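Working through the structure, step by step
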Amino acid sequence: MKYQLQPSLAILDENGFTTLAGWAIVYNTDAITKEYLGATYQFLPVGVGLPALAYLDAPKEVDDDHAIVRQNDKWTYPTDYRGKKIYSIETGVELTVTTIGNIPDGFTLLKPNSEFDSWNGKKWVLDKEKQHQYEIAIAQSQLTQLLNDINEEIGYLQDAVDAEIATEQQTELLKKLKGYRFKLNQIDVDKAPNIGWPVKPE
């Protein structure tokens, strides 16, 4: 034939060596992970084989949740969640997937709805006891701070009364503040968040 309208294609024997020089589409993989990198045209002279990490058989297409990896001289298609968020079923802590493969044991793709959720084996459910303990802790912290503040203020006014230098207004305020402190000490933090906090006298 006078003109060759298509590039010549390489022909390889059963041992993987070129018997007829030409071009071949080769499918390349990463040296470490063996993940598919892409296809290229490669010119193969007579007597040579394919470049390292290159193959003649094409992998199939996959969706975004799978990868293409060469293993045991064939293409495999493991799950691939790289870049996605996963959550510890013990603590709810969030991590980002960085490797090919299944989600590690003890993690799920499902995001908790709140910091008080617990994993029931299939989904996150609100742990009302965990939420209540958190609310108790918040109430206890608030109560402790209020008592510390009022004790300091009462101590200042009590010194003035004991030294008989307090004004009538300060003496009256001291009585009101002691009543306020009494009400604070009656608070049951176990009822959080349904607590009626007393109003501090001014």
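Below you will find a few notes about this structure. (Residues numbered from 1 in each chain as written. Predicted model: local features only at pLDDT ≥ 70, side-chain atom pairs only at ≥ 80, totals over all residues. Heavy atoms only, no water.)

Considerations on the pattern of salt bridges
For clarity, the threshold we go by: Whenever a carboxyl oxygen of Asp or Glu lies within 4 Å of a side-chain nitrogen of Lys or Arg, that contact is scored as a salt bridge. Secondary structure follows DSSP: runs of H or I at least 4 residues long count as helices, runs of E at least 2 residues long count as strands, and numbering of each begins at the N terminus. Residue exposure (1.4 Å probe, protein chains only): buried if accessible area is under 20% of the type maximum, exposed if over 50%, otherwise partly exposed.
What the rule picks out here adds up to seven salt bridges. Between Lys84 and Asp65 there is a salt bridge, with the nearest N and O atoms lying 2.7 Å from each other. Remark: Asp65 occurs in the loop between β5 (54–55) and β6 (69–71) and Lys84 occurs in the loop between β7 (74–76) and β8 (85–88); sequence separation between them is 19 residues. Of the charged contacts in the structure, one is a salt bridge between Arg82 and Asp80, with a shortest N-O distance of 2.8 Å. For Arg82, a relative accessible area of 33% gives the class partly exposed. Residue Asp80 is classed as buried on the basis of its relative accessible area, which comes to 10%. Via salt bridges that share partners, Glu35, Asp80 and Arg82 belong to a single interconnected network.

Quick word on the sheet that holds strand β3 (residues 22–29)
The pairing of strands in a sheet happens through backbone hydrogen bonds and is either parallel or antiparallel. For the record, the criterion: Between any two strands, at least two bridges found by DSSP are needed for them to pair.
Read from one edge of the open sheet, three strands run β4-β3-β5, paired in antiparallel fashion. Of all the strands in the sheet, just β4 (36–44) and β5 have a single pairing partner and so form its edges. When β3 meets β5, the two strands line up antiparallel, connected through two bridges. Looking across to β5, one finds that Asn28 is bridged to Ala54.

Some words on the sheet that holds β8
Strand order across the open sheet formed by three strands is β9-β8-β10, with antiparallel pairing between neighbours. Every interior strand has two partners, whereas the edge strands, β9 (94–96) and β10 (107–108), have only one. Here three bridges tie β8 to β9, and the two strands are oriented antiparallel to one another. Across the sheet, residue Lys85 finds its bridge partner in β9, namely Thr96.

With respect to the nonpolar core
Going by this rule: As used in this record, nonpolar core signifies buried Ala, Val, Leu, Ile, Met, Phe, Trp, Tyr and Cys residues forming a set joined through side-chain atoms within 4.5 Å. Note on contacts: a residue pair is in contact if any heavy atoms of the two residues lie within 4.5 Å.
Membership of the largest hydrophobic core comes to 15 residues, with the highest contact counts inside it found for Leu143, Ile150, Leu184, Ile187 and Val189. Those elements that provide at least two residues to this core are α1 (128–162) and α2 (168–185). It is α1 that contributes the most residues to this core, seven residues altogether. Ignoring anything within four residues of it in the chain, the contact list for Ile150 reads Leu177, Tyr180, Arg181, Leu184 and Lys200. Membership of the second largest hydrophobic core comes to five residues, among which are Ala10, Ala24, Val26 and Leu44.

A look at the packing of aromatic side chains
Any pair of aromatic rings gets described here by the distance separating the centres and the angle formed by the planes. Condition: Aromatic pairs are defined between Phe, Tyr and Trp rings, using the six-membered ring for Trp, whenever the two ring centres lie within 6.5 Å; interplanar angles under 30 degrees are classed as stacked, those over 60 as edge-to-face, and all others as tilted. Any Lys NZ or Arg CZ found within 6 Å of a ring centre and within 35 degrees of that ring's normal is scored as a charge over the ring.
Using the criterion set out here, one finds six aromatic pairs in the structure. Counting every residue linked through ring pairs, the aromatic cluster contains Tyr27, Tyr36, Tyr55 and Trp75. One Lys or Arg, Arg70, reaches over the ring of Tyr55 and ends 4.0 Å from the middle of that ring. The positively charged end of Arg70 is found above the aromatic ring belonging to Trp75, 4.7 Å away from the centroid.

Details of the pairing of β4
Pairing between β3 and β4: eight bridges, direction antiparallel. Each residue of the ladder has a partner; that of Ala24, found in β4, is Gln42.

What to know about the side chain of Thr108
Let me state the cut-off plainly: We call two N or O atoms a polar contact when they sit within 3.5 Å, provided that within protein one can donate a hydrogen and the other can accept it, with sequence-adjacent residues counted only if both atoms are side-chain atoms.
Considering the arrangement of structural elements, one finds Thr108 in strand β10. A polar side-chain atom of Thr108 sits 3.1 Å from the main-chain amide nitrogen of Leu110. Discounting chain neighbours no more than four positions away, the residues touching Thr108 are Ile86, Tyr87, Ile89, Ile103, Trp119 and Trp124.

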